[in-house]
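Geometric and topological summary
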Amino acid sequence: MPVADIEHIRDDWPDLARGLTELLTWKDGDVGDTFLRTYEFSVEGWGTTLSVDMKTRKGNLVSSRNPAPDEKGPAECKTDGGAGLDASFSSSSSSFTQPLDASFSSSSSSFTQPLDTSTPPCSQPTGIVTPAESSTIEEAELVTNANREEYVRDYIAWLTDHSISAQYEAFARGFFVCLDRKSLSLFTPPTIRPLIEGTLDIDISVLEKFARYDDGYSPSHRVIKDFWSVVRQYSPEKKRQLLEFVTASDRVPVNGLESVTFVVQRNGPDSERVPTSLTCFGRLLLPEYSSRRKLKEKLKLALENGRGFGVP
């Protein structure tokens, strides 16, 4: 299905969505005077930048590095379809590439989002006319209040479709070898999404009902009662942190929490150690803390440092 709405990209490109929303809702004069954006979509990667006029589909291919002796330069590139690595806003005078938190709101700001790191050097979106194929490359028109809605629709289409069409078609061919198209046609994007991703609504009472215990713990044990008393007070975000800490996923699968393996295992007597987990087995290793307050503090410390090398 075509992607043309800002809400469709908000999850994966939140900063871009905010920038496009600001562009659409700007009321302090014409956006052409403030944002200075041309009607272009830019892709960058491997030292090459391709800015595409979304109206004419003509592109300006520029190299920002010297190719290796055994590597073809931009003048020798083939138009074989493909996407660039970064999609960035371009002004009428240059292409901007800034960190992901770059602001979109002023004439000197910009925005860059990653697309596909597998693209070989010099590949470009299908159907683009480069300077080697067109002797005249006119400057793209300015984005104004009159055309900004059309610009946003086109930009989203280039971001999610045109710029990665070759890669997506290759993926789709392999995907439909594994899943019959008729089966997929039973679903709409909103109905298939929770099947793939799960849901974020975590009911602690259900998790508690189906939890299991090991090495001396039981539902009536003081530490277990303290544990569930603490966890029931968690915010939705904190509940997701707990589920991810124990199971490596912060989402509830389609079969519900009753299908989640969640085991609380005693990990020795009272100590200064924080709780740890075995995510492959869905086990929370919880020492027998002497008080509810201590359990709360240690569990909080574990959840806040539960990624990478932050676990003591």
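None of the values given here were measured: they were computed from a predicted structure.

1. Some thoughts on the side chain of Gln-265
Mapped onto the elements, Gln-265 comes out in strand β7 (residues 263–266). Only 2.7 Å separates the side chain of Gln-265 from the side chain of Arg-283, close enough to count as a polar contact. Look past the residues within four positions of Gln-265 in its chain and what remains in contact with it is Asp-214, Asp-215, Tyr-217, Arg-283, Leu-284, Leu-285 and Leu-286.

2. Quick word on unusual backbone geometry
A positive phi angle is found at Asp-215, which is not glycine, with a value near 55°. Note that Asp-215 resides in the loop between β6 (212–214) and α8 (222–231). Classification of Asp-215 as partly exposed rests on a relative accessible area of 43%. Not every positive phi belongs to a glycine, and Ala-248 is a case in point at roughly 75°. Among the secondary structure elements, Ala-248 is positioned in the loop between α9 (236–247) and β7.

3. Considering the pairing of β7
Pairing analysis gives 3 bridges linking β6 to β7, with the strands arranged parallel. Within β7, the residue paired with Asp-214 across the bridge is Gln-265. The pairing of β7 with strand β9 (residues 283–286) spans 4 bridges and is parallel. Looking at the pairing, Val-264 lines up with Leu-284 of β9.

4. Digging into the UniProt feature "active site" (unreviewed entry) in the protein
This chain's UniProt record puts "active site" (unreviewed entry) on Cys-280. If you trace the backbone, Cys-280 turns up in the loop between β8 (276–278) and β9.

5. Section: the nonpolar core
Phe-227, Trp-228, Val-231, Phe-262, Val-264, Leu-286 and Leu-295 are the most contacted members of the largest nonpolar core, which totals 30 residues. At the level of secondary structure, the elements contributing two or more residues to this core comprise α7 (204–210), α8, α9, β9 and α10 (292–304). When near neighbours in sequence (up to four residues on either side) are disregarded, Trp-228 contacts Ile-204, Leu-207, Glu-208, Ala-211, Tyr-213 and Phe-262. Core analysis: the next-biggest nonpolar cluster, separate from the first, contains 23 residues, Val-31, Phe-41, Tyr-151 and Ile-156 among them.

6. A few points about the environment of Tyr-289
Checked against the element boundaries, Tyr-289 lands in the loop between β9 and α10. Residues Tyr-289 and Arg-273, spaced 16 residues apart in sequence, show a C-alpha to C-alpha distance of 9.5 Å.

7. Topic: the side chain of Asp-226
Mapped onto the fold, Asp-226 is located in helix α8. Setting aside residues up to four positions removed in sequence, Asp-226 forms contacts with Ser-291, Arg-292 and Leu-295.

8. Some remarks on the pattern of salt bridges
Applying the stated criterion across every chain, the model contains 18 salt bridges. For Asp-226, the salt bridge goes to Arg-222, with nearest N and O atoms at 3.3 Å. Taken together, the residues span about one helical turn, with Asp-226 and Arg-222 both in helix α8 at a distance of 4 residues. Look at Asp-226 and you get buried, because its relative accessible area is 8%. With its nearest N and O atoms 2.9 Å apart, the salt bridge here joins Lys-294 to Glu-272. One end of the pair, Lys-294, is in helix α10; the other, Glu-272, is in the loop between β7 and β8, and 22 residues separate them in sequence. Among the charged side chains, a salt-bridge network with shared partners connects Asp-11, Arg-193, Glu-197, Asp-250 and Arg-251.

9. Quick word on the packing of helix α1 (residues 14–25) against helix α3 (residues 148–160)
Two numbers describe how α1 lies on α3: the axes approach to 9 Å, and their chain directions differ by 160°. When the interaxial angle is binned, α1 and α3 end up roughly antiparallel. As for how α1 packs across α3, the hand of that crossing is right-handed. Of the residues in α3, those in contact with Leu-16, Leu-20, Leu-23, Leu-24 and Thr-25 of α1 are Arg-148, Glu-149, Tyr-151, Val-152, Tyr-155, Ile-156 and Leu-159. Split into classes, the residues belonging to the contact of α1 with α3 amount to 9 nonpolar, 1 polar and 2 charged.

Conventions and cut-offs
- Residues numbered from 1 in each chain as written.
- Predicted model: local features only at pLDDT ≥ 70, side-chain atom pairs only at ≥ 80, totals over all residues.
- Heavy atoms only, no water.
- Helix = DSSP H or I, 4+ residues; strand = E, 2+ residues; numbered from the N terminus.
- Polar contact = N/O pair within 3.5 Å; in protein donor to acceptor, adjacent residues only side chain to side chain.
- Contact = heavy atoms within 4.5 Å.
- Buried < 20%, exposed > 50% of the residue type's maximum accessible area, 1.4 Å probe, protein only.
- Pairing = 2+ DSSP bridges.
- UniProt positions renumbered as here; feature names shortened; annotations may be inferred.
- Core = buried A, V, L, I, M, F, W, Y, C linked by side-chain atoms within 4.5 Å.
- Salt bridge = Lys/Arg side-chain N within 4 Å of Asp/Glu carboxyl O.
- Axes fitted to C-alpha atoms, helices over the stretch in contact; angles between N-to-C directions.
- Parallel < 35°, antiparallel > 145°, perpendicular 65-115°, else oblique.
- Left-handed = near helix turned anticlockwise from the far one by under 90°.
- Nonpolar A, V, L, I, M, F, W, Y, C, P; charged D, E, K, R; others polar.

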